[in-house]
Amino acid sequence: QVQLAESGGGSVQAGGSLRLSCAASGTILSIAVMAWYRQVPGKQRDLVAAINSGGTTNYAESVKGRFTISRDNVKRTVYLQMNSLKVEDTAVYYCKVEGVRDLWSRSLDYWGQGAQVTVSS
């Protein structure tokens, strides 16, 4: 079974920076997409950024130019560098891996536990 370990969350002032990390472990042959989502209590979970195995990235318009997603395929880790943080960025950030291929040729998706990011004025 695949597990995701998230780290890097915390509390910062507006204009500050944080770097989130998410490491995948288990029996993994490949991961098609690694992504970050965020969710505010009572609201739906929305995509923040995603990166595929070839390095192609997608960003939500609200974070474009401020956040950068990257991945290390050797470490099987995805990162989210968050700069110029705003109060509205406050949320629980979830790591997600999609199209995880295992030894039985299955393609599965997994969610991390979530990391709280709080941005204050």
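Every chain is numbered on its own, with residues counted from 1 as its sequence reads. Confidence filtering applies because this is a predicted model: local features only for residues at pLDDT of at least 70, side-chain atom pairs given and counted only at 80 or more, and all residues used for totals across whole chains, interfaces and linings. Working from all heavy atoms in the structure, the side-chain values ignore hydrogens and water.

**Q** Help me understand the sheet that holds strand β1 (residues 3-7), please; the structure alone is not making it clear to me.
**A** Hydrogen bonds between backbone groups are what pair the strands of a sheet, and the pairing can be parallel or antiparallel. Pairing between strands is defined by DSSP: at least two bridges between them are needed. Helix and strand assignments follow DSSP, with helices taken as H or I runs no shorter than four residues and strands as E runs no shorter than two, numbered in order from the N terminus. Reading across the sheet, the four strands line up as β1-β3-β8-β7 and stay open at both edges, with antiparallel pairing between neighbours. Where the open sheet ends on each side, the last strands, each with one partner, are β1 and β7 (67-72). Strand-to-strand, the axes of this sheet are offset by a mean angle of 15°, without reference to chain direction. Sheet topology places β7 next to strand β8 (residues 77-82); six bridges connect them, and they run antiparallel. Note on β8: the bridge partner recorded for S70 is Y79. Angles shown run from 0 to 180 degrees and are taken between the N-to-C directions of axes, each axis being a line fitted to C-alpha atoms and, for helices, limited to the stretch in contact.

**Q** Explain the pattern of salt bridges to me, please; I cannot follow it from the model alone.
**A** Side chains carrying opposite charge are able to pair once their charged atoms draw close together. Salt bridges are defined as contacts in which a side-chain nitrogen from Lys or Arg sits within 4 Å of a carboxyl oxygen from Asp or Glu. For the structure shown, the criterion picks out five salt bridges. The shortest N-O distance in the salt bridge between K64 and E61 comes to 2.9 Å. Connected through shared salt-bridge partners, R38, R66 and D89 make up one network.

**Q** What's the story with the state of the cysteines in this structure? I'm lost.
**A** Chemically, a disulfide is nothing more than a covalent bond linking the sulfur atoms of two cysteines. Defined by distance alone, a disulfide is two cysteine sulfur atoms within 2.5 Å. Evaluation of the coordinates by the stated rule reveals one disulfide. Here C22 engages in a disulfide with C95; their sulfurs sit 2.2 Å apart. An S-S torsion of about -85° defines the bridge between C22 and C95 as left-handed. Pair noted here: C22 is in strand β3 (residues 18-25) and C95 is in strand β9 (residues 91-101), with a separation of 73 residues, a long-range link. In this structure, C22 and C95 share a single accessibility class: buried. Each residue gets one of three labels from its accessible area relative to the maximum for its type: buried under 20%, exposed over 50%, partly exposed in between, using a 1.4 Å probe on protein chains only.

**Q** When you look at a nonpolar patch on the surface in this model, what are you seeing that I'm missing?
**A** Within this analysis, patches are made of residues with over 30% relative accessible area and no salt bridge. Like charges are joined at 9 Å or less; nonpolar side chains (Val, Leu, Ile, Met, Phe, Trp, Tyr) at 5 Å or less. The Shrake-Rupley method, run with a 1.4 Å probe, gives the accessible areas here. Residue values count only the displayed protein chains as cover. A cluster of nonpolar side chains, contributed by L29, L103 and W104, occupies part of the molecular surface with about 400 Å² of accessible area. Looking at the secondary structure, you find L103 in the loop between β9 and β10 (107-111). Look at L103 and you get exposed, because its relative accessible area is 58%.

**Q** Looking at this model, I keep getting lost on the packing of aromatic side chains. Mind explaining?
**A** Where two aromatic rings form a pair, the distance of their centres and the angle of their planes describe that pair. In this scheme Phe, Tyr and Trp rings, the latter by its six-membered ring, pair at centre separations within 6.5 Å, and the angle between planes marks the pair as stacked below 30 degrees, edge-to-face above 60, and tilted otherwise. Enumeration over the complete set of coordinates arrives at two aromatic pairs. Each ring, one from Y37 and one from W111, has its centre 5.0 Å from the other, and the planes form 65°; the classification is edge-to-face. Of this pair, Y37 sits in strand β4 (residues 30-39) while W111 sits in strand β10, placing them 74 residues apart in sequence. Classification of Y37 as buried rests on a relative accessible area of 14%. For W111, a relative accessible area of 38% gives the class partly exposed. Centroid distance Y94 to W111: 6.4 Å. Interplanar angle 90°. Geometry classified as edge-to-face. One end of the pair, Y94, is in strand β9; the other, W111, is in strand β10, with 17 residues separating them in the sequence. Residue classification places Y94 among the buried residues on the basis of a relative accessible area of 14%. Ring pairs connect the aromatic residues Y37, Y94 and W111, which therefore count as one cluster.

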